[in-house]
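Spelled out from the first residue to the last, the chains are:
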Amino acid sequence: MPEDKLIEVLESFGYPVCLQGSLADDEQYPETFFTFWNNETTPETFYDNASHSETADFDVNVYSTDPQIVYSLLRDAIEALKKEGFEFPDSGHSVASDVNTHTGRGCNAVINFK
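Rules and cut-offs
Residues numbered from 1 in each chain as written. Predicted model: local features only at pLDDT ≥ 70, side-chain atom pairs only at ≥ 80, totals over all residues. Heavy atoms only, no water. Helix = DSSP H or I, 4+ residues; strand = E, 2+ residues; numbered from the N terminus. Buried < 20%, exposed > 50% of the residue type's maximum accessible area, 1.4 Å probe, protein only. Contact = heavy atoms within 4.5 Å. Areas by Shrake-Rupley, 256 points an atom, 1.4 Å probe, with all protein chains shown as cover. Lys, Arg positive; Asp, Glu negative; His and termini not counted. Charge placed at Lys NZ, Arg CZ, Asp CG, Glu CD. Salt bridge = Lys/Arg side-chain N within 4 Å of Asp/Glu carboxyl O. Core = buried A, V, L, I, M, F, W, Y, C linked by side-chain atoms within 4.5 Å.

(A) Structural detail: the overall build of the protein. When helices and strands are tallied, the protein shows two helices and five strands. Going from the N terminus to the C terminus, the protein shows its helices and strands as α-β-β-β-α-β-β. Its C-alpha atoms put the protein at 55 × 30 × 20 Å along the principal axes. Counting all 114 residues of the protein, 35% fall into the buried class. Residue pairs at least 24 apart in sequence account for 55% of intrachain contacts in the protein once pairs closer than 6 positions are excluded. When the accessible area of the protein is evaluated, it comes to approximately 6,800 Å², of which 46% is carbon and sulfur surface. The positive charge centre, built from 6 side chains, and the negative charge centre, built from 21, are 11 Å apart in the protein.

If you want it as structure tokens, here you go:
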């Protein structure tokens, strides 16, 4: 499944990876971490009255206490995910953080799979 590959690649950087919004209100943010969210997964490639592939669309975000890390780590993650077949309609954008100690940067990752 594409989310398994996404998580595997992000975990290879040695930082925690969690579902966006899954940290408890009283849980302390890790110093640097990734989040992801599956925006949608849509059936594609129809023939013989059936879908034979799907496209998954994810938000991938980096949060850190170091603003330079959010830029460099996201760039590195994009390059690693491209090698696994993910495509990126943008190079990144700022994302809001729920705590004032962290800044965030995110991108959209899309992959077609069977």
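(B) Seen up close, the pattern of salt bridges. In the structure shown here, the tally under the stated rule is three salt bridges. Linked through salt bridges whose partners overlap, the residues forming this network are Lys5, Glu8 and Glu84.

(C) Region of the structure containing the nonpolar core. Membership of the largest hydrophobic core comes to 22 residues, with the highest contact counts inside it found for Leu6, Leu10, Phe34 and Phe86. Listing elements by their share of this core, those giving two or more residues are helix H1 (2–11), strand S2 (32–47), strand S3 (50–64), helix H2 (67–82) and strand S5 (103–113). No other element matches the six residues that H2 contributes to this core. Look past the residues within four positions of Leu6 in its chain and what remains in contact with it is Phe36, Phe58, Val60, Leu81 and Phe86. Counting five residues, the second largest nonpolar core, distinct from the first, contains Tyr29, Phe33, Tyr63 and Val95.

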